[in-house]
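Breakdown of the fold
For reference, the chains in residue letters:
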Amino acid sequence: MNDASWGAPPRGGHGGPPDQGFGPAAPAGPTYDERVAQQTRPMPIVPDVPAPVGGVSGMPGVPAAIGAGSQDDSERGAARLSGPLFRDEMPQEPMPPSEPQPSTPQPRSAGSPRKQQREKKQAGRDLRAAIGVGVGLGAVIIASLFVVKAVFVGVVVVAVVVGLWELTSRLQERKGIKAPLVPLAVGGAAMVVAGYARGAEGAWVAMALTALAVLVWRMAEPPEDYLRDVTAGVFAAFYVPFLATFVALLLAAEDGSWRVLTFLVLTIVSDTGAYAVGWRFGTRKLAPRISPGKTREGLLGAVAFAMAAGALCMEFLIDGGSWWQGLLLGLAVAVSATLGDLGESMIKRDLGIKDMGTLLPGHGGIMDRLDSLLPTAPVVWLLLVIFVGAG
């Protein structure tokens, strides 16, 4: 290829060949320098700002390839491409102090120490169910107590049999102790009825026969653990039906209904006072190894509530009673009810259970309601015999 293909340069042009006279002279046109000047005119200065991807800066929708017709433009483009190409590569500026910094979510606070302390003191039971069951049981007891005494004896027998079933079942489940339920249930019912009909002597005779029946009944099984099983059976016979027999002895008096009502009211008031005062003011543990929930302040509350209720009951419910006798009676009931509750807690702690059963919603089992009543019954019966006679 020669230079003629690009067009002949004018005469006298800088760097161009002279006219050699071949052919007619070329028409006059722009000089070589003028053409070079037109082709190399300077481009407008563009600020060094990164152009948007896919177009020319300042010209939306125009591809970046359009207008890149010179080496200078290519160099500028290369300079512009030397920086970050994508948004993720741009340096991040620190967030202003007013805006919250992103952080890992923190777990929700468990509440104030006061709230945690109150939650620990709660028994964790269904309060509505407990109140409903308590009111229902109270209505049945009061109706049977003042309508027909024999019906109330039947209520005591049912409570004794169910309590024996719960106790023997837990002994077998947790310790493998097989205390025979059949002789215990039959003998326990006989104890309560004999106590109501024949007094203390009838109750003692029924207790002895029940223990003998437990010994004989267990002989039908292999001799392994015989002593352990019969010992547990005799203990169950004494703990549940024999102590419950004193309720029947209270009922057998002429004013027996009022004596039983006094016994129930004092025990319930003692438990309520212990719970109310202990929950509100309790700080010092009474027996932490047996029952961590009980406090010394709760015991004082039980004594105060029971003594006040005892004074009122002896003055207005018991014939021949006096208020000062009620103070002593209330004190004795508070102590015996607390000891009975601790004794039941000791048994459940040894068995590794919280409740003896689930028969009563919000309360647990029957034995969980009899724990304070059973040891209190002989105490009330004895003190009333001393104060006002057997009736």
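All values reported here derive from a predicted model rather than from experimental measurement.

Helices and strands together make up the secondary structure of the chain, namely 12 helices and 2 strands. Going residue by residue from the N terminus, the α and β elements of the chain occur as α-α-α-α-α-α-α-α-β-β-α-α-α-α. Partitioning the intrachain contacts of the chain with sequence separation of at least 6 by distance along the chain shows that 67% fall at a separation of at least 24.

Two elements in contact, helix α5 (residues 149–175) and helix α7 (residues 226–251), have axes whose closest approach is 10 Å; the angle formed by their N-to-C orientations is 160°. The angle between α5 and α7 falls in the class roughly antiparallel. Where α5 crosses over α7, the two elements pack in a sense that is right-handed. Of the residues in α7, those in contact with Lys149, Phe152, Val153, Val156, Val160, Leu164, Leu167, Leu171 and Lys175 of α5 are Arg228, Ala232, Ala236, Tyr239, Val240, Pro241, Ala244, Val247 and Leu251. Per-class residue counts for the contact of α5 with α7 are 15 nonpolar, no polar and 3 charged.

Take the confidence of the model for the chain next. Averaged over the chain, the pLDDT score is 79; the fraction of residues at 70 or greater is 66%. Ranking the helices and strands of the chain by mean pLDDT puts α7 first, with 97, and helix α2 (residues 71–81) last, with 45. Overall, residues 2–26 carries pLDDT values under 50, and its contacts beyond four positions in sequence, including any with other chains, amount to 13 contacts. Segment residues 51–93 is flagged for pLDDT under 50; beyond a separation of four residues in sequence, or across chains, it makes 23 contacts in the model.

Scoring rules and cut-offs
Residue indices follow the written sequence of each chain, beginning from 1 at its first position. Two thresholds apply to this predicted model, a pLDDT of at least 70 for residue-level local features and 80 or more for giving and counting side-chain atom pairs, whereas whole-chain, interface and lining totals are computed over all residues. Only hydrogens and water are set aside; all other atoms, that is, all heavy atoms of the structure, feed into the side-chain values. Helix and strand definitions follow DSSP, with helices as H or I runs of at least four residues and strands as E runs of at least two, each counted in order from the N terminus. We call two residues contacting when some pair of their heavy atoms lies within 4.5 Å. All axes are obtained by fitting lines to C-alpha atoms, using only the stretch in contact for helices, and the reported angles, taken between N-to-C directions, cover 0 to 180 degrees. Note that the term roughly parallel is reserved for angles under 35 degrees, roughly antiparallel for angles over 145, roughly perpendicular for angles of 65 to 115, and oblique for everything else. Throughout, a crossing is termed right-handed when the near helix is turned clockwise from the far one, and left-handed when it is turned anticlockwise from it by less than a right angle. Note on residue categories: nonpolar means Ala, Val, Leu, Ile, Met, Phe, Trp, Tyr, Cys or Pro, charged means Asp, Glu, Lys or Arg, and polar means any other residue, Gly included. What pLDDT reports is the predictor's confidence in each residue, on a scale of 0 through 100.

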